[in-house]
Amino acid sequence: MGNRELLENTKNLLSNYRQPPLVMVRGEGSRIWDADGREYLDYSGGIAVLSVGHCHPTLAAAIAKQAATLMHTSNLFYTDKALLLAHEITTRTGFSRVYFANSGTEANEALIKLGRRWHYEHGDKGRFELVSTHQSFHGRTMGAVTLTGQPKYHAGMGPMMGGVVHVAYDDLAAMDAVITDKTAAVILEPIQAEGGILVPSDGYLEGVRKLCDARGALLFFDEVQTGYGRTGRFLGREWSGVMPDACSLAKGIGGGFPLGAIALTEKLADGLPVGSHGSTFGGNPLACAAGLAVLEIFDAEKLVENARTLGDYLGAQLSEMASDTTLPAAVEMRGRGLLRGVRVAPEYDAMQVLAAMRNEGVLASTAGADVVRLAPALNTTKSDVDRVLAVLRAALAGATKKP
Ligand SMILES: Cc1ncc(COP(=O)(O)O)c(C=O)c1O
């Protein structure tokens, strides 16, 4: 069946997304094909999920093998794959414990509960407040969406969870004003991704760490988008050297297979005692086999290094585009590694730029209202990057001002 026939079934889906009229049926590496057989270079990367590209043979084989071996036990039992993956993650991140979930939002729910419960377990029952930032994105479940500092995601969903305070991102004075003896934890993205790929100023994350330490609050990083090599280091936190008390992970961790996790320091190891939190599917052996295969591919193909090297190149080229006076639609390069974007001038429409790129066979996404985001597979190549740059440049050059 082709695009047109398949699209007739969109009437059976809830219309809570805004997809273009295409139906994807196959992927390989950085490429994806629609039901009419048209090929696209996929720099949307499944919203920064495709750490190892579409359908990497090592990942696909590991999933197939595990599906035929042991798919699910629930958390009534340990499994080999969950134990091995927890060990791999702790070895690579410097954290000492892992809890598995199925998605980024669920990982953040675990952080919320850990932040509150750890203080409770340690006799400080009045510490329940969570500090988050404006423009942040932490997910769609009620706790995570409450943390999310974007009112559009709260509209009509209230009342939100209590005990959450939002402050400006990259503003230490604002943070200083809200961390009190009621603060259980501060939660931050090391780079605000969905908010528009905002990299904070040098010293900001260090400053927040100091404020948390001085006032007895925990510090959590949401590494759902910045983790797993996306910014050219295994975790986004490594650019600052700041070690949070815990972080959330998802997206790239399963290379496209649904998986999330939190990783925490030994200090918090008793924060969620037996029975306090759990998930039927979280850490199932199928997802963890995918997670192990992803890390095997990271090592074999040196993907963190590739993200850094190619990311530097992509960033430099995007900066040039943004400063090119013949391209008035492009005003600023954003990001780090292979989490990059170009901010589009207010008179222009980022969605129009995306549509023009798609017409030329390149897929990208937006971050915030005005940033064209490129978040490709970490094993993309320089020739792919060059093609995307050429298509993006032409799309920006052809962009028309909003009426
Ligand atoms: C930083 C961050 N946290 C959490 C989430 C939510 O992850 P999920 O959609 O897997 O629930 C996202 C998704 O874009 C994200 O970018």
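Residues numbered from 1 in each chain as written. Predicted model: local features only at pLDDT ≥ 70, side-chain atom pairs only at ≥ 80, totals over all residues. Heavy atoms only, no water.

### So, unusual backbone geometry
In this structure, the amide linkage connecting Gly158 to the following residue, Pro159, adopts the cis form with an omega of 0°. Relative to the assigned elements, Pro159 resides in the loop between helix H6 (142-147) and strand S6 (164-167). Despite not being glycine, Ile47 has its phi angle at roughly 55°, a positive value. Looking at the secondary structure, you find Ile47 in helix H2 (residues 45-48). For Ala48, which is not glycine, the phi torsion reads 65° and is therefore positive. (Helix = DSSP H or I, 4+ residues; strand = E, 2+ residues; numbered from the N terminus.)

### Details of the layout of surface pockets
Over the atoms, a rolled probe matching the size of one water molecule traces out where space is still vacant. Computed from the structure, the second largest pocket encloses a volume of approximately 1,000 Å³. Lining the second largest pocket are 36 residues, with Asn75, Tyr78, Val98, Tyr99 and Phe100 sitting closest to its centre. For the lining of the second largest pocket, the elements supplying multiple residues, two or more each, are helix H4 (80-93), strand S4 (97-101) and strand S10 (260-264). Split by residue class, the lining of the second largest pocket holds 19 nonpolar, 16 polar and one charged. (1 Å grid on protein atoms, 1.4 Å probe; cavity = no way out; pocket = protein on both sides within 12 Å on 5 of 7 lines; lining within 4 Å. Points joined across faces, edges and corners; volume = space filled by probe spheres on them. Nonpolar A, V, L, I, M, F, W, Y, C, P; charged D, E, K, R; others polar.)

### Examining empty space enclosed by the protein
The tally for this structure, following the rule as stated, stands at one cavity of 30 Å³ or more. Taken as a whole, the largest cavity encloses approximately 30 Å³ of empty space. In this structure, the largest cavity is lined by Ala48, Ser51, Val224, Gln225, Gly227, Tyr228, Arg230, Gly252 and Leu378. In the lining of the largest cavity, the residues fall into four nonpolar, four polar and one charged. Formed jointly, the lining of the largest cavity draws a minimum of three residues from each of two domains, domain 1 (3-55 + 302-397) and domain 2 (70-301). (Domains from an automatic or database assignment.)

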